[in-house]
Amino acid sequence: GESVGLHLPTLSVQEGDNSIINCAYSNSASDYFIWYKQESGKGPQFIIDIRSNMDKRQGQRVTVLLNKTVKHLSLQIAATQPGDSAVYFCAENRRDSSYKLIFGSGTRLLVRP
Amino acid sequence: SQTIHQWPATLVQPVGSPLSLECTVEGTSNPNLYWYRQAAGRGLQLLFYSVGIGQISSEVPQNLSASRPQDRQFILSSKKLLLSDSGFYLCAWSPLAGVSYEQYFGPGTRLTVT
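Residues numbered from 1 in each chain as written. Chains lettered and ligands numbered in written order. Predicted model: local features only at pLDDT ≥ 70, side-chain atom pairs only at ≥ 80, totals over all residues. Heavy atoms only, no water.

Along its length, chain A carries zero helices and 11 strands. Ordered by position in the sequence, the α and β elements of chain A form the string β-β-β-β-β-β-β-β-β-β-β. Over its C-alpha trace chain A gives a radius of gyration of 13 Å, about what one expects of a compact globule, namely 13 Å for 113 residues. Expressed along its principal axes, the backbone C-alpha trace of chain A runs to roughly 45 × 30 × 20 Å. Long-range pairs, those at least 24 residues apart, make up 53% of the contacts in chain A between residues at least 6 apart in sequence. As presented, chain A carries roughly 5,400 Å² of accessible surface, and 47% of it is formed by carbon and sulfur atoms. Computed over 13 positive and 10 negative side-chain charges, the separation of the two mean positions in chain A equals 1 Å. (Helix = DSSP H or I, 4+ residues; strand = E, 2+ residues; numbered from the N terminus. Rg over C-alpha atoms; globule rule 2.2 N^0.38 Å. Contact = heavy atoms within 4.5 Å. Areas by Shrake-Rupley, 256 points an atom, 1.4 Å probe, with all protein chains shown as cover. Lys, Arg positive; Asp, Glu negative; His and termini not counted. Charge placed at Lys NZ, Arg CZ, Asp CG, Glu CD.)

The next thing to look at is the state of the cysteines. Residue and element names in this part refer to chain A. The tally for this structure, following the rule as stated, stands at two disulfides over all chains. Disulfide pairing places C23 opposite C90 at an S-S distance of 1.8 Å. Its torsion about the S-S bond being 50°, the disulfide of C23 and C90 is classed as right-handed. A residue pair is termed long-range when its members are at least 10 positions apart, and C23 in strand β3 (residues 19-25) and C90 in strand β9 (residues 86-94) qualify at 67 residues. We classify C23 as buried; its relative accessible area is 1%. (Disulfide = S-S within 2.5 Å. Buried < 20%, exposed > 50% of the residue type's maximum accessible area, 1.4 Å probe, protein only.)

Contacts between the two partners involve 22 residues from chain B, matched on the other side by 21 residues from chain A. Together, the buried faces of chain B and chain A total about 1,700 Å²; carbon and sulfur atoms form 59% of this surface. The interface formed by chain B and chain A holds one salt bridge in total. A salt bridge links E59 of chain B to K100 of chain A; its shortest N-O distance comes to 3.2 Å. One can count three residue pairs in polar contact (both at pLDDT 80 or more) joining chain B with chain A. Secondary structure elements with two or more residues in the side of chain B that touches chain A: β4 (32-38), β5 (44-52) and β9 (87-94) of chain B. The residue inventory of the side of chain B that touches chain A, partitioned by class, reads 12 nonpolar, six polar and four charged. (Buried area = accessible area lost by both parts, 1.4 Å probe. Salt bridge = Lys/Arg side-chain N within 4 Å of Asp/Glu carboxyl O. Polar contact = N/O pair within 3.5 Å; in protein donor to acceptor, adjacent residues only side chain to side chain. Nonpolar A, V, L, I, M, F, W, Y, C, P; charged D, E, K, R; others polar.)

This next bit is on the packing of aromatic side chains. By convention here, two paired aromatic rings are described through the distance between centres and the angle between planes. Tallied over the full model, the rule gives 11 aromatic pairs over all chains. Seen from their ring centres, Y36 of chain A and F105 of chain B are 5.4 Å apart, and the 90° between their planes marks the pair as edge-to-face. Note that Y36 of chain A is positioned in strand β4 (residues 30-38) and F105 of chain B in strand β10 (residues 104-105), a pairing that runs across two chains. Among the aromatic residues, those joined into a cluster by ring pairs are Y36 and F103 of chain A together with Y34, Y36, Y49 and F105 of chain B. (Phe/Tyr/Trp six-rings, centres within 6.5 Å; stacked < 30°, edge-to-face > 60°.)

This part is about the sheet that holds strand β1 (residues 3-7) of chain B. Residue and element names in this part refer to chain B. Read across the open sheet, the four strands follow the order β1-β3-β8-β7; overall the sheet is antiparallel. Of all strands in the sheet, those with a lone pairing partner are β1 and β7 (65-70), marking the two edges. Between one strand axis and the next, the sheet turns by 20° as a mean value, whatever way the strands run. As defined by bridge partners, β1 adjoins strand β3 (residues 19-26) across five bridges and the pair is classed as antiparallel. Looking at the pairing, T3 lines up with E26 of β3. (Pairing = 2+ DSSP bridges. Axes fitted to C-alpha atoms, helices over the stretch in contact; angles between N-to-C directions.)

Right, dumping it as structure tokens:
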């Protein structure tokens, strides 16, 4: 079935480097995407979102890129810090199910000191 | 500002015992409410969502039920727990109407069925 998924289950980066976390989606009807950060034992926290009429959106140290042609979403974290270590989830909203988000399986980001 | 509470934070229950997890939201009215379950090292599985008092939609047939007795209260229940009910239970809310579908999550309840 259609789903949101991630390419890499674990990503290890050096502190200070940039991180890129990828996500693929298969439903062309999806029009809204979110990235969440989940620290161990806590609920997911909103990081950044993007609508399908945009290609790029920037926040504080984070950038989300959306490529609708290949149905690909990425989260870029600049100057990765130890506090960025967490599991990152992408989620999509589909026009035919406006109340629900479909979550990917998550990528664990490990920051090496 | 809006806040979401869940309790208890952790729970250990024997197989066959009942369950009641509570979620409350403050600082907003008429929210959509959601219950998710997360197995260890896995993603989020949507269990139930509610768009209003007494309105519950079930996503996955299972041993659990949900109720919404008040606008900002969402309860997850079971009459008899199974081992497979163990997991991290998350409650979330989103605005009923808006231009985005962002959901805000509570701190979660860690349930271990023994």
